[in-house]
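Chain residues, written in single-letter form:
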Amino acid sequence: MNLFLYSLTVLIWGTTWIALKWQLGVVAIPVSIVYRFALAALVLFALLLVSRRLQVMNRRGHLICLAQGLCLFCVNFMCFLTASQWIPSGLVAVVFSTATLWNALNARVFFGQRVARNVLMGGGLGLLGLGLLFWPELAGHTASPQTLLGLGLALLGTMCFSAGNMLSSLQQKAGLRPLTTNAWGMAYGSAMLATYCAVRGIPFEMDWSARYIGALGYLVIPGSVIGFTAYLTLVGRMGPERAAYCTVLFPVVALNVSAFAEGYQWTAPALAGLVLVMLGNVLVFRKPKPAQPVKPVFKAEHI
């Protein structure tokens, strides 16, 4: 099941960049994000109500869902999309892949989980591999104040993503399943982003072209309903630090799709980077030796 969820997440999120690219144009980016997660929340609530699997949460659970919505379905997307205006997408991918290390550190601080050496080594190899994969793009970019701002936003987005992982893990330790917490989190996140758009005067336009509607449908169902549920279930089953290695493999899948759809040419450094990424994957999934946990800061029963 872990392998299935892992592969499903990587394949789905590794191809969502095409749908995101097809959404550019008539509709403002924040509004497209609102449409995506508002519709995904409606789909999840409908499925949960029909199947009678919607779990009841107390006030603390809703507050954590509110924070999760802010981190996972609002701020991090705005950070990454804004950062992409100033720094290359390859650099954004490299910064985002540090989520593996951030998750390992945060799991240590908040849940008392020891950071496995193989996870750190695998994450390091993955980062080095991504650097080689995107080296031509990175080397051709000139440093500027906008570069520093873009890097800062990409790092903030990654930290928000990691925080959302921790919040989901905390909810699962309390017995709340990702389907329920994602439904509420997406609803809260889209509501907050819609409020931001209203305050900024961003118009809620709609592009009724087949391309935009098809892209939106792909981002809503596979990209959000299935993708986030599979990934956050993986966080609960494997731990946030190992599940986050998905972020290293997303760009690899994206480049393979680009080679097929856009004529991307593989080079020797890129192939070497691919080998390092896969070696990192092997290291991350090596079964670590059992270790005694340290005292956690938060406990599930606090919810």
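Note that the structure is a prediction, hence the values are computed from the model and not measured.

## Thoughts on the overall build of the chain
No. 1: Looking only at helices and strands, the chain features 14 helices and zero strands.
No. 2: Its helices and strands taken in sequence order, the chain reads α-α-α-α-α-α-α-α-α-α-α-α-α-α from the N to the C terminus.
No. 3: Evaluated residue by residue, the chain yields a buried proportion of 50% over its 303 residues.
No. 4: When contacts within the chain are restricted to residue pairs at least 6 apart in sequence, those whose partners lie at least 24 apart make up 90%.
No. 5: For the chain, the accessible surface area stands at approximately 14,400 Å², while carbon and sulfur atoms represent 69% of it.

## Section: helix α7 (residues 117–133)
Each full turn of the α-helix corresponds to 3.6 residues, which orients residues three or four apart in the same direction.
No. 1: The end-to-end C-alpha distance of α7 is 24 Å, a good match for the 24 Å that 17 residues give at a rise of 1.5 Å each.
No. 2: Regarding α7, the residues found buried are Asn-118, Val-119, Gly-122, Gly-123, Gly-126, Leu-127, Gly-129, Leu-130, Gly-131 and Leu-133.

## Digging into unusual backbone geometry
With the exception of glycine, the majority of residues adopt a negative phi angle, and the majority of peptide bonds are in the trans configuration.
No. 1: We note that Arg-52 has phi near 55°; this positive angle belongs to a residue other than glycine.
No. 2: Among the structural elements, Arg-52 can be located in the loop between α3 (29–51) and α4 (59–83).
No. 3: For Arg-52, a relative accessible area of 78% corresponds to the exposed category.

## Quick notes on the packing of helix α6 (residues 99–111) against helix α9 (residues 145–173)
Helix-helix packing is described using two parameters, namely the angle between the two axes and the distance between the axes.
No. 1: Between α6 and α9, the least distance of the axes is 9 Å, while the angle of their chain directions is 45°. It follows from the interaxial angle that α6 and α9 lie oblique. Every pair of crossing elements has a handedness; the one defined by α6 and α9 is right-handed. For the pair α6 and α9, the contacting residues are Ala-99, Trp-102, Asn-103, Asn-106, Ala-107 and Phe-111 in the first and Leu-155, Thr-158, Met-159, Phe-161, Ser-162, Asn-165, Met-166, Ser-169, Leu-170 and Lys-173 in the second.

## Re helix α11 (residues 210–238)
No. 1: Residue Gly-227 marks the point of greatest curvature in α11, where the axis turns by about 35°.
No. 2: Following α11 by one or two positions, Gly-239 has its phi on the positive side, about 100°.

## Concerning the packing of aromatic side chains
No. 1: The full count for this structure, using the stated rule, is eleven aromatic pairs.
No. 2: Summarising the aromatic geometry, the rings of Trp-13 and Tyr-231 are spaced 5.4 Å apart at their centres and angled 45° between planes, so their arrangement reads as tilted. Note that Trp-13 is positioned in helix α1 (residues 2–13) and Tyr-231 in helix α11, a separation of 218 residues in sequence.
No. 3: The class of Trp-13 is buried, set by a relative accessible area of 12%.

## A look at the confidence of the model for the chain
Detailed reading of the predicted coordinates is not advisable wherever pLDDT falls low.
No. 1: Within the chain, residue pLDDT values average 83, and 85% of them lie at 70 or more.
No. 2: Averaged pLDDT values for the elements of the chain fall to 67 in helix α8 (residues 135–139) and rise to 96 in helix α10 (residues 178–200).

## As for the environment of Ala-107
No. 1: Note that Ala-107 resides in helix α6.
No. 2: With relative accessibility at 1%, the residue Ala-107 sits in the buried group.
No. 3: Separated by 62 residues in the primary sequence, Ala-107 and Ser-169 have C-alpha atoms spaced 9.3 Å apart.
No. 4: Leave out the neighbours within four places in its chain, and Ala-107 touches Gly-112, Gln-113, Met-166, Pro-240 and Glu-241.

So, how was this worked out
Residues numbered from 1 in each chain as written. Predicted model: local features only at pLDDT ≥ 70, side-chain atom pairs only at ≥ 80, totals over all residues. Heavy atoms only, no water. Helix = DSSP H or I, 4+ residues; strand = E, 2+ residues; numbered from the N terminus. Buried < 20%, exposed > 50% of the residue type's maximum accessible area, 1.4 Å probe, protein only. Contact = heavy atoms within 4.5 Å. Areas by Shrake-Rupley, 256 points an atom, 1.4 Å probe, with all protein chains shown as cover. Expected span 1.5 Å × (residues − 1). Axes fitted to C-alpha atoms, helices over the stretch in contact; angles between N-to-C directions. Parallel < 35°, antiparallel > 145°, perpendicular 65-115°, else oblique. Left-handed = near helix turned anticlockwise from the far one by under 90°. Bend = angle between axes of the 7 residues up to and from the residue. Phe/Tyr/Trp six-rings, centres within 6.5 Å; stacked < 30°, edge-to-face > 60°. pLDDT = per-residue confidence, 0-100.

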